[in-house]
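Residue-level listing of the chains:
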Amino acid sequence: TELLVKLLNDSYKPVQEAAAAGLERTGLRGHEDLILQKITEGGWIGYFAVKALGKTCSEESSSKLISTYDKMDPSIKLAIVEVLGNCAKENVKDFLMERINDENEDIRKEALSSLCNTFKSDAGTAAEKMVLSDDSWLVRFRALEILDELRPANFDKIIGEVKQKDNNRYIQEKVLAILGK
């Protein structure tokens, strides 16, 4: 781990990226501040740094990721939303619930998936709304998958509404697959 930490400051960017990827696989206890600095560099270094910091899943690391979110480019934001889906912390739940309304459809979809990892009830509630109202068919499709997984009490009613109201071909195919189970 110490060698990987040293290589994060190498002058050659591919070495920094490899070091960040290595830390993501091996862990980084005690080097969270250095990793946080690397997140702000963006690119693959930032991506793997987010993954590494997210593995700790501590209150402190999740708070650090949340506090840097607004300053990041979209790919790093997406990685932050993804890794926080493995942290069952209250501040994470609130953060993910806010991302459900993000203007970026990839962020909304990933926030819904991340909620489903650790906060299933909240994910189910959000999916019920999003499956009928989100502008993006990709988000509606993911919401439908989550509802199929969770099978809330009103599942049949929701599926009926989706079948009747959503004209997207992929959504309709998914509904038919669900009904055929």
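Residues numbered from 1 in each chain as written. Predicted model: local features only at pLDDT ≥ 70, side-chain atom pairs only at ≥ 80, totals over all residues. Heavy atoms only, no water.

1. A few points about the overall build of the chain
This is how the line gets drawn: Comment: elements are numbered from the N terminus, with helices defined as DSSP H or I runs of at least four residues and strands as E runs of at least two. Exposure is judged per residue with a 1.4 Å probe applied to protein chains only, and the accessible area is read against the type maximum: over 50% gives exposed, under 20% gives buried, and values in between give partly exposed. Per-residue and other accessible areas follow the Shrake-Rupley method at a 1.4 Å probe size, with only the shown protein chains counted as cover for residues.
Looking only at helices and strands, one finds twelve helices and zero strands in the chain. Ordered by position from the N terminus, the helices and strands of the chain form the series α-α-α-α-α-α-α-α-α-α-α-α. In the chain, buried positions account for 49% of the 181 residues. Of the roughly 9300 Å² of accessible surface on the chain, 49% is carried by carbon and sulfur atoms.

2. Digging into helix α10 (residues 137–150)
Residues spaced three or four apart along an α-helix point in a common direction, a consequence of the helix completing one turn every 3.6 residues. Our working rule: The span you would expect from a helix comes to 1.5 Å times its residue count less one. The criterion used for residue contact is that any of the two residues' heavy atoms lie within 4.5 Å.
The end-to-end C-alpha separation of α10 is 20 Å, in line with the 20 Å expected for 14 residues at 1.5 Å each. Among the residues of α10, Val-139, Arg-140, Arg-142, Ala-143, Leu-144, Ile-146, Leu-147 and Asp-148 are the ones counted as buried. In this fold, the buried residues of α10 make contact with α8 (105–118), α9 (120–133), α11 (155–165) and α12 (169–179). Immediately downstream of α10, the backbone of Arg-151 shows phi near 45°, a positive value.

3. Quick look at the packing of aromatic side chains
How two aromatic rings sit relative to each other is set out by the distance from centre to centre and by the angle between their planes. Here is the rule: Stacked, edge-to-face and tilted labels apply to pairs of Phe, Tyr and Trp rings (six-membered ring for Trp) whose centres lie within 6.5 Å, assigned for plane angles under 30 degrees, over 60, and everything in between, in that order.
All told, the structure shown has three aromatic pairs when counted by the stated rule. Note on Tyr-69 and Phe-95: the rings are 5.0 Å apart at their centroids and 80° apart in plane angle, and the pair reads as edge-to-face. Taken together, the positions of Tyr-69 in the loop between α5 (59–68) and α6 (74–84) and Phe-95 in helix α7 (residues 90–99) put the pair 26 residues apart, joining distant regions of the chain. With respect to class, Tyr-69 is no different from Phe-95; both count as buried. Where Trp-137 meets Tyr-170, the ring centres are 4.9 Å apart and the plane angle is 25°; that geometry is what we call stacked. Pair noted here: Trp-137 is in helix α10 and Tyr-170 is in helix α12, with a separation of 33 residues, a long-range link.

4. Description of the environment of Asp-102
Spelled out, the test is: Two N or O atoms count as a polar contact when they lie within 3.5 Å, although within protein this holds only if one can serve as hydrogen donor and the other as acceptor, and sequence-adjacent residues are included solely when both atoms are side-chain atoms.
In this fold, Asp-102 is placed in the loop between α7 and α8. When near neighbours in sequence (up to four residues on either side) are disregarded, Asp-102 contacts Tyr-69, Ile-107 and Arg-108. Here Asn-104 takes part through its backbone nitrogen, which lies 2.7 Å from a polar atom of the side chain of Asp-102.

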